[in-house]
Amino acid sequence: MSNIVDELRDKIRGEVRFDQISRALYSTDASIYQIEPVGVVVPRDADDIQAVLEVAGRNQTPVLVRGGGTSLSGQSVGEAILMDCSKYFNNVLEINSEERWVRVQPGVVLDHLNKALEPHGLWFGPDVAPSNRATLGGMMGNNSAGMRSIVYGKTIDHVISQNVLLSDGTRAVFEALDEPAFQAKTRLATLEAQIYREIERIAEANRAEVEARFPKVLRRVGGYNLDAWGRNGVRNMAHMAIGSEGTLVAVTEAKLKLVPRPKMTSLSIIHFSDMFAALDAMVDVVSCSPTSVELIDRLVLDMTRQSPEYARKLTFVEGDPNALLIVEFFGASVDELKAQQASLEAKMRNAGHGYAMVHLLDRTAIANCITIRKQGQGLLNGIKGDARPIAFVEDCAVPVAKLASFIRTFAKILEDNGTSGAFYAHASVGLLHVRPLINLKNAEGIQRMYQIAQQASDLVLEYGGSFSSEHGDGLTRSCFNEKMFGPQLYQAFRDVKSAFDPGKLMNPGKIVDAPAMTENLRYGTNYRSAEFKTVFDYTHDGGSWARAIEACNGMGECRKIGDGTMCPSFQATRDETHSTRGRANVLRLAMTGRLPGESLTSRRVYDVLDLCLECKGCKAECSTNVDMAKYKYEFLHNYYAANGKPLRARLFGNIHYLSKLGSAFAPLSNWTLGLAPTKWVLSQVGITPSRNLPPFVRDTFESRMPALHIGRQAPAASGAPQVALFVDTYMNHNYPSIGVAAAKVLQSAGVEVFAPQRPCCGRPFISKGLLDEAKSLAARNIELLAPIARAGIPIVGAEPSCLLTLREEYVDFFPDSADAKLVASKAMLLEEFLPSVKDKLKFAPDKKNVLIHGHCHQKAACGMGPVTGALKLNPGFAVTESGAGCCGMAGAFGFESEHYELSMKVGEDRLFPKVRAQSPDTEIAVSGVSCRQQVEHGTGRKPKHWIEVMAESLA
């Protein structure tokens, strides 16, 4: 193997990674399987892929090309040299809007392509649920479709040509050939010519069997596309490569058809008290010519309600339905859409379908609804415990008219096997994703899975459907292909594989000659995770730290780019190592002893966790609520226990004590910190000289505001509404103007403000993994704040990371403490409290544009709605959200020398350009202290806390 690695490093411009951690990172996808690759190559171009194929061919080593690794069937894992095309090989090469086509590299993400096409009024028709991380190469490999396949069909219907590398490393262009061009191809003495001759022979010899055995449904993707060869007189070898799951060729470029982007869309959500009643309505719904019909069942809705991020989007549900049908229409005008909705409603009412119907025309409301539908898979994986809704029979499609009967029988199969499941997805094409609840950690569960798969495949054959309809064959369904297509066609598929790949090196074990579906499971009877004594409580995260980490099913939402907060380091690096999924994978494997030579407290595991900015974006935006920040805190606590606590971590953790000293000696302390010798000394402990530390003030908030009864612990008897202002370290010692502004706004609303005695919230200790110290501060704060909370007084804060520590980590520290829960229940951000006293606020008549950027913890815990709503209490404010994710500062992270460059890169992703684009008279309002430091450092603009902006506008 060392010879292969040396040769690859000599020939390849990209990255060659054969270390243990890298192989572990790529051992899973979004399926139930785990196979460690031989090694990983991250190619920069087609030459790199060609070199891998040539080296692998000489050494008889399998190869596997993948994009985002979001496969649900295990296509993108295998014992092979795995090539990740998503990091570098991801360019949109050419857009021809007049002829409606585009050329792309295989690593292009679907949403990024559609964003590039938006100015041209075009898009790529197939619309898969993971569109923010699914690559075009993966979609071609899988022959993906999506929710609008009733209109757009599958990927195969949109591919004009492909540039490919054959299994021997030679290059070819697959495109439609006329008869002379085809004959010319077959006369050559090359592997490509042999492929053309063999595919023509195989297709002709099996044409009658293809007609007899291929399912007559739109969404068949199983096997190889022998039905497409010569269809309508067209021979295009790209149609054979599509849906082949990387078992035939490696695609390096594709030319794709584009379709006009719809001018307008609408949704109508039909509510049902019974899922089967929803399915019974399908024929009538489809007769109204919708562009898609999606079903969501009760289990998906229930899991949505449990997710803080997605529960906020459930604005379209009336009552307590057991199922929803989401019906979409395209139209050129609002009137046209309303007419279609009215026709649908009349038909439903006349037929007695559904108990309510909600019509949506607003873009935000439509986006919320589509998001919930797209998150169905991930939301289901939020179910806690060992029995999970797993993907293995989720891909069956039958004729629409038979769908209700099919699902009734399918549900009975689940019941007879002692389980139940979730049902959702593309009802308009007879496809429902069925996820049975099964525990794959024991033999009984594995046997149950196999029995259900056998019975489901029998049922699909009986109904004339397709067992693989969207998610492909992979490791889940390839072993059923002979049963589904019969022995003659299965041999034909083997012949196709041999024609393209005589050495059987291209992603072997998929589509033909596959292992049993019960082999290579991520979890299985031998799966064991070590038990760890934890500081935090994991009762609501599956019961243990290990089970909390197992919630990551690999679907890769953390790999999205240019959207949301999660995951800032991945968005900056596009490296699997620095995705939330990558970190969860390594933690899980370290806990289970499946990383030889790498324990949970090893430096290499530390390095994988190191670039987690602890933004908590994953806690909100990952549909399974993976809380990597919490897991990193716990990891660091264990790591430091084994390896010692670094001086820098202790310095940052004790910032509250250092700030007292800084204020006591200000302004001398500020002058001293700005000196080059001081910066050099700090650089020796890893604090970058490229930044200035926040300035200290001699006149602290506490000294400025004696009227706030600093340190008072008991409520006054004035009868006025009261709040306890939680004065954080930064408000007191660095930016007292924020506290002054908060007090001014609250007092102007008739609220009596007092500032109780409190130590630091403990957030700096938590972020550095110094959990014992943080827990001690938390206990003291709970003791001091509980009497205030018992009196019913809100505990209000301006710094999101500090205030939300009271609400989140304190309960995790003390899960059995009634006082901790009481303090948490009364802890509120300023923007959450202000609406309760808004009627007394009076503002000057001035108008102002305000750009608001939220703190990551604030966005994760309560979203941006409260803070934008608070600013809009002033009718003169025109408020715009930045739309950016993490600023990149993340507390101490951006001050650390080795993280400075990445910190700035994260800021440059979206935030800095947005701020620079604002006019000079636009107020830049930023919630978090570290975020304000980052914006000023990166753009030169001096932002304010939003409460300062509001205070300045009071009448």
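Our structure's up above, just so we're on the same page.
These notes cover the structure that comes with them. (Residues numbered from 1 in each chain as written. Predicted model: local features only at pLDDT ≥ 70, side-chain atom pairs only at ≥ 80, totals over all residues. Heavy atoms only, no water.)

**Examining empty space enclosed by the protein**
Here the idea is plain: a probe the size of a water molecule rolls over the atoms and shows the empty space left. If you walk through the whole model with that rule in mind, you get 10 cavities of 30 Å³ or more. Taken together, 22 residues line the second largest cavity, and the ones lying closest to its centre are Ile 32, Asn 381, Arg 388, Ile 390 and Tyr 523. Contributions of two or more residues to the lining of the second largest cavity are made by β17 (387-389) and β19 (433-439). No other element matches β19, which puts three residues into the lining of the second largest cavity. (1 Å grid on protein atoms, 1.4 Å probe; cavity = no way out; pocket = protein on both sides within 12 Å on 5 of 7 lines; lining within 4 Å. Points joined across faces, edges and corners; volume = space filled by probe spheres on them. Helix = DSSP H or I, 4+ residues; strand = E, 2+ residues; numbered from the N terminus.)

**Some details on the sheet that holds strand β6 (residues 101-104)**
Pairing in this open sheet of six strands is antiparallel, and the strands run β5-β6-β11-β8-β9-β10 from one edge to the other. Two strands close off the open sheet at either side, each with one partner strand: β5 (92-96) and β10 (235-236). As paired strands, β6 and strand β11 (residues 250-257) are joined by four bridges and run antiparallel to one another. The residue bridging Arg 103 from the neighbouring strand is Lys 255, located in β11. (Pairing = 2+ DSSP bridges.)

**Points about the packing of helix α7 (residues 179-186) against helix α8 (residues 191-205)**
At a minimum axis distance of 7 Å, the contact between α7 and α8 shows a crossing angle of 115°. Contacts from Phe 182, Lys 185 and Thr 186 of α7 reach α8 at Glu 192, Ala 193, Tyr 196, Arg 197 and Glu 200. For the contact of α7 with α8, the class distribution of residues is three nonpolar, one polar and four charged. (Axes fitted to C-alpha atoms, helices over the stretch in contact; angles between N-to-C directions. Contact = heavy atoms within 4.5 Å. Nonpolar A, V, L, I, M, F, W, Y, C, P; charged D, E, K, R; others polar.)

**A short note on the environment of Arg 910**
Residue placement: Arg 910 occurs in the loop between α44 (900-909) and α45 (911-916). Given a relative accessible area of 17%, Arg 910 falls into the buried group. Along the primary structure Arg 910 and Leu 822 are separated by 88 residues, whereas in three dimensions their C-alpha atoms are 38 Å apart. If we ignore the near neighbours within four places in the chain, the residues touching Arg 910 are Gly 562, Asp 563, Gly 564, Gln 571, Gly 883, Ala 884 and Gly 885. Polar side-chain contacts of Arg 910 include one of 2.7 Å to the backbone oxygen of Gly 564. A distance of 3.2 Å separates polar atoms of two side chains, one belonging to Arg 910 and the other to Gln 571. (Buried < 20%, exposed > 50% of the residue type's maximum accessible area, 1.4 Å probe, protein only. Polar contact = N/O pair within 3.5 Å; in protein donor to acceptor, adjacent residues only side chain to side chain.)

**Structural notes on helix α22 (residues 487-500)**
With 14 residues, α22 extends 20 Å between its outermost C-alpha atoms, agreeing within 8% with the 20 Å of an ideal straight helix rising 1.5 Å per residue. Among all positions of α22, only Leu 489, Tyr 490, Ala 492, Phe 493, Val 496, Lys 497, Ala 499 and Phe 500 are buried. (Expected span 1.5 Å × (residues − 1).)

**Re the side chain of Thr 624**
Of note, Thr 624 is situated in the loop between α27 (617-621) and α28 (628-643). Polar contacts involving the side chain of Thr 624 include one to the main-chain carbonyl oxygen of Ala 551, which spans 3.4 Å. When residues no more than four places from it in sequence are discounted, the contact partners of Thr 624 are Gly 378, Asn 381, Gly 382, Lys 384 and Ala 551.

**Some words on the environment of Ala 203**
Here Ala 203 is to be found in helix α8. The spacing of Ala 203 and Leu 226 is 23 residues in sequence and 5.9 Å in space, taken between C-alpha atoms.

**Description of unusual backbone geometry**
Note the cis peptide between Met 566 and Cys 567, where omega equals -10°. Note that Cys 567 resides in the loop between α23 (545-550) and α24 (568-573). Cis geometry is adopted by the peptide bond preceding Pro 667, which originates at Ala 666 and carries an omega value of 5°. Mapping Pro 667 onto the fold places it in the loop between α30 (655-664) and α31 (668-673). The phi angle at Arg 100 is positive, at roughly 60°, despite the residue not being glycine. Looking at the secondary structure, you find Arg 100 in the loop between β5 and β6. The class for Arg 100 is partly exposed, based on a relative accessible area of 41%.

**Focus: the nonpolar core**
Generally speaking, a soluble globular protein has its nonpolar side chains buried in company with each other. Counting residues in hydrophobic clusters, the biggest one holds 108 residues, and the most contacted among them are Phe 174, Leu 325 and Phe 500. If we skip the residues at most four places from it in the chain, Leu 325 touches Ser 268, Ile 269, Ile 270, Phe 272, Ala 278, Ala 281, Met 282, Val 285, Val 293, Glu 294 and Leu 295. Grouped together as the second largest cluster of nonpolar side chains are 81 residues, Trp 545, Val 586, Tyr 631 and Phe 726 included. (Core = buried A, V, L, I, M, F, W, Y, C linked by side-chain atoms within 4.5 Å.)

**A few points about the sheet that holds strand β24 (residues 848-853)**
With parallel pairing, three strands are arranged side by side in an open sheet as β25-β24-β26. The open sheet is flanked by β25 (877-881) and β26 (923-926), the only strands paired with a single partner. Averaged over all pairs of adjacent strands, the angle between strand axes in this sheet comes to 30°, irrespective of strand direction.

**Quick look at the packing of aromatic side chains**
Centre distance and the angle of the planes are the two values used to describe a pair of aromatic rings. Per the stated rule, a full pass over the model turns up 23 aromatic pairs. Both rings, one in Tyr 224 and one in Phe 493, keep their centres 5.9 Å apart while their planes meet at 85°; by these two values the pair is edge-to-face. One end of the pair, Tyr 224, is in the loop between α9 (207-213) and β10; the other, Phe 493, is in helix α22, with 269 residues separating them in the sequence. Given a relative accessible area of 1%, Tyr 224 falls into the buried group. Using a relative accessible area of 0% as the deciding quantity, one classes Phe 493 as buried. Connected via pairs of aromatic rings, a cluster forms that spans Phe 174, Phe 182, Tyr 196, Trp 229 and Phe 500. Sitting above the plane of the Phe 182 ring, Arg 235 keeps its charged end 3.9 Å from the centroid. Over the ring of Tyr 538 we find Lys 630; its NZ or CZ atom is 4.4 Å from the centre of that ring. (Phe/Tyr/Trp six-rings, centres within 6.5 Å; stacked < 30°, edge-to-face > 60°. Lys NZ or Arg CZ within 6 Å of the ring centre and 35° of its normal.)

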